[in-house]
Amino acid sequence: MSHATENSGVRAMDRINLRLSAETFGAIDDARAKRAGRVSRNTWIAEAIEEKLAREVVSLPEDAVRSAANA
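This text gives an overview of the structure that appears in the document. (Residues numbered from 1 in each chain as written. Predicted model: local features only at pLDDT ≥ 70, side-chain atom pairs only at ≥ 80, totals over all residues. Heavy atoms only, no water.)

## Considerations on the side chain of R32
Inference 1: The residue R32 is located in helix α2 (residues 22–33) in this model.
Inference 2: In this structure R32 comes out as buried when scored by relative accessible area, which is 18%.
Inference 3: A polar contact of 2.5 Å, which involves the side chain of R32, links it to the side chain of D29.
Inference 4: Here the side chain of R32 touches V39 through a polar contact of 2.7 Å, landing on its backbone oxygen.
Inference 5: Apart from the residues lying within four places of it in its own chain, the contact partners of R32 are R38, V39, S40, R41 and W44. (Helix = DSSP H or I, 4+ residues; strand = E, 2+ residues; numbered from the N terminus. Buried < 20%, exposed > 50% of the residue type's maximum accessible area, 1.4 Å probe, protein only. Polar contact = N/O pair within 3.5 Å; in protein donor to acceptor, adjacent residues only side chain to side chain. Contact = heavy atoms within 4.5 Å.)

Encoded structure:
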C-alpha cells in the first residue's frame, strides 16, 4: 500500500459516489456501445481513470486496476 493510501484511509478496494451529468452518462454509454462485447459503466470509468493516471505518470499496480474494473 502506498504512503498516500495509508494516510487517506482508503481501503485496498473502496467505493465512491460519483456525480456526473446526464450528458456525461450519455457520452459514456455511447462510447461503451461502440466497443465489442459488453462493458459495464464501472469498468469503462475504471479504465478511463487508469488511462488518465498513465498519462500523468502515476503508477498503479496492474492488479489493483483490474480488480476495480471487475468490481
